[in-house]
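Coordinate inspection notes
Chain residues, written in single-letter form:
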Amino acid sequence: MDFNVKKLASGAGVFFTRAVQFTEEKLGQAEKTELDPHLENLITRADCTKNWTEKIFRQTEVLLQPNPSARIEEFIYDKLDKKLPSRTTNPELLGQYMLGAANDFGPATPYGHTLITVGEYQKRLGGAERELLQTSAVGFLTPLRNFLEGDWRTISKERRLLENRRLDLDICKARLKKAKVAEAKAAAAPDFQETRPRNYVLSASASALLSEEVDKAEQELRVAQTEFDRQAELTRLLLEGIGSTHLNHLRCLQDFAEAQATYYAQCHHYMQDLQRELKCGVSAPHPAAAVDPDPAASALPSGPSSPGAPASSLSGQRPGTLAMEQTQLQVTGTRKAKVLYDYDGHDVSELSLLADELITVHTVPGMDPDWLIGERGNQKGKVPVTYLELLS
């Protein structure tokens, strides 16, 4: 118990001495040891990395989960080291509501049938969003969080130790300076007014004490300088690791961008499919409307004459047959393309694709710019542009 009290008292004394030194430095009453310029640059770079990483991390969380309550729930589960229960995404919830409404209104009615179609695609959009959230959380948010809660805490701890070592070093320098000043004064102004031998003995004893004090201060200064240099080197090595952190975050950022590109490509494809189904659903009850000679009326999506541009000039042909006839027109710009994702053709006019395969693609005059004609051996059909990477 006595040892702990002494240790506590000693620690309080060191803390008080450092506080005095720090205050005097701020007031300009004490000298401060400046860090190496390279180390200062590393510290500035580390602070900049921490600040921007924290901002990017927080804003990415807001982007992926705009609901503050949901973010708080995720934070609590993460701190408790428990698995977060599966949460229905907003598009999935909207799709469920649409399907429920369709059952009440009647699936056979035009409105009910359309609600079922749109609801199913909303659920697909929700599934794509769920995949984006999971991929981004693992591949992007987790590395940023690990840096802020792991590496940065270690760097901050070592920087605090370095600051304490610097204060100790400056305290030792000030102590040595005072001891040398006292020794110089004693040597420069001896007391000759008293000629008794006892006074000469006392003067010699005081000089010896001052000299011993200077030696002790020099020894403490050497020890403090050694500890400061060792801590500065350790801190420098940790700060230089920020470069590796940047490279790691660069790879994670590229993965995040790729996940976003995949998500938006899937959403674009789903919405194109939904538009085609809605157009087919609108034109099916009114086959005669396909010959409407008014192009402005045929462009209205809510009117009876919106079966699509290819079918607006031929009333007796099915969309699949018309699309196959379009492939017989003059082709231009034949190129190779790499398939990015699997794609299942929705009818005979479309070509099913497998990820990573190479196909030949070209365009035909008047064709929808979101589609190309793809060829694989003897197979030919329309393919969506968003699923392809055109090669030079």
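Along each chain, residue indices are assigned from 1 in the same order as the chain's sequence is written. Residue-level local features of this predicted model are given only where pLDDT is at least 70; pairs of side-chain atoms are given and counted only at 80 or more, and the full residue set underlies all totals for whole chains, interfaces and linings. Side-chain descriptors were evaluated using all non-hydrogen atoms of the structure, hydrogens and water having been removed beforehand.

1. Description of the pairing of strand β3 (residues 371-376)
- By this definition, two strands are paired if DSSP reports at least two bridges between them. A run of H or I in DSSP becomes a helix once it reaches four residues, and a run of E becomes a strand once it reaches two; helices and strands are each numbered from the N terminus. In the sheet, strand β2 (residues 358-363) pairs with β3 via three bridges, with the strands oriented antiparallel. Looking across to β3, one finds that Val361 is bridged to Gly374.
- Connecting β3 to the antiparallel partner strand β4 (residues 379-384) that follows it, the hairpin turn spans two residues, and Gly377 within it adopts a positive phi of roughly 65°.

2. Overview of the side chain of Glu357
- By secondary structure assignment, the location of Glu357 is in the loop between β1 (332-339) and β2.
- In the analysis that follows, any N or O atom pair within 3.5 Å is treated as a polar contact, provided that within protein one partner can donate a hydrogen and the other can accept it, and provided that, for residues neighboring in sequence, both atoms belong to side chains. Within the structure, the side chain of Glu357 is placed 2.8 Å from the side chain of Arg376, a separation counted as a polar contact.

3. Focus: the pattern of salt bridges
- Any Lys or Arg side-chain nitrogen located within 4 Å of an Asp or Glu carboxyl oxygen qualifies as a salt bridge. If you walk through the whole model with that rule in mind, you get 16 salt bridges.
- The residue Lys50 makes a salt bridge to Glu54 at a minimum N-O spacing of 3.3 Å. With a gap of four residues between them, Lys50 and Glu54 both fall in helix α2 (residues 37-64), about one helical turn apart.
- Working definition: with a 1.4 Å probe on protein chains only, accessible area under 20% of the residue-type maximum means buried, over 50% means exposed, and in between means partly exposed. Relative accessible area serves as the criterion here: at 29%, Glu54 is assigned to the partly exposed category.
- Here Glu61 and Arg145 are joined by a salt bridge, their closest N and O atoms 3.9 Å apart. In this pair, Glu61 is assigned in helix α2 and Arg145 in helix α5 (residues 110-188), connecting sequence segments 84 residues apart.
- Within this structure, Arg58, Glu61 and Arg145 form a network of salt bridges that share partners.

4. A word on the packing of helix α4 (residues 90-105) against α5
- Relative to each other, α4 and α5 sit at 160°, their axes nearing to 7 Å. Regarding the angle of α4 to α5, the classification is roughly antiparallel. Once α4 is placed against α5, the crossing between them reads as left-handed.
- Grouping the amino acids of the contact of α4 with α5 by side-chain chemistry returns 12 nonpolar, six polar and five charged. Helix axes are fitted to C-alpha atoms over the stretch in contact, other axes to C-alpha atoms as well, and angles between N-to-C directions run from 0 to 180 degrees. Angular relationships are summarised with four words: roughly parallel below 35 degrees, roughly antiparallel beyond 145, roughly perpendicular across 65 to 115, and oblique for the angles in between. Helix crossings get a hand from a simple test, with the near helix turned counterclockwise from the far one by less than a right angle marking a left-handed crossing and a clockwise turn marking a right-handed one. Gly is placed with the polar residues, together with every amino acid not listed as nonpolar (Ala, Val, Leu, Ile, Met, Phe, Trp, Tyr, Cys and Pro) or charged (Asp, Glu, Lys and Arg).

5. Some words on α4
- End to end, α4 covers 22 Å across 16 residues, agreeing with the expected 22 Å (1.5 Å per residue, within 8%).
- Working rule for contacts: check all heavy atoms of both residues, and any pair within 4.5 Å makes them a contact. Close packing links the buried residues of α4 with α5. For a helix, the expected span equals 1.5 Å multiplied by the number of residues minus one.

6. A word on the packing of aromatic side chains
- Side-chain rings of Phe, Tyr and Trp, where Trp is taken by its six-membered ring, are said to pair if the distance between their centres is within 6.5 Å; with planes under 30 degrees apart they count as stacked, over 60 as edge-to-face, and otherwise as tilted. Applying the stated rule across the entire model yields seven aromatic pairs.
- Judged by centre distance (5.5 Å) and plane angle (20°), the ring pair of Phe105 and Tyr111 falls under stacked.
- Under the relative-accessibility criterion, Tyr111 is labelled exposed at 52%.
- Members of the aromatic cluster, each reached through a chain of ring pairs, are Tyr341, Tyr343, Trp371 and Tyr387.
- Sitting over a ring, as applied to charges here, requires NZ of Lys or CZ of Arg to be within 6 Å of the ring centre and within 35 degrees of the ring normal. Above the ring of Trp52, the side-chain terminus of Lys55 is found at 4.6 Å from the ring centroid.
- The side chain of Arg124 reaches across the aromatic face of Tyr121, ending 4.6 Å from its centre.

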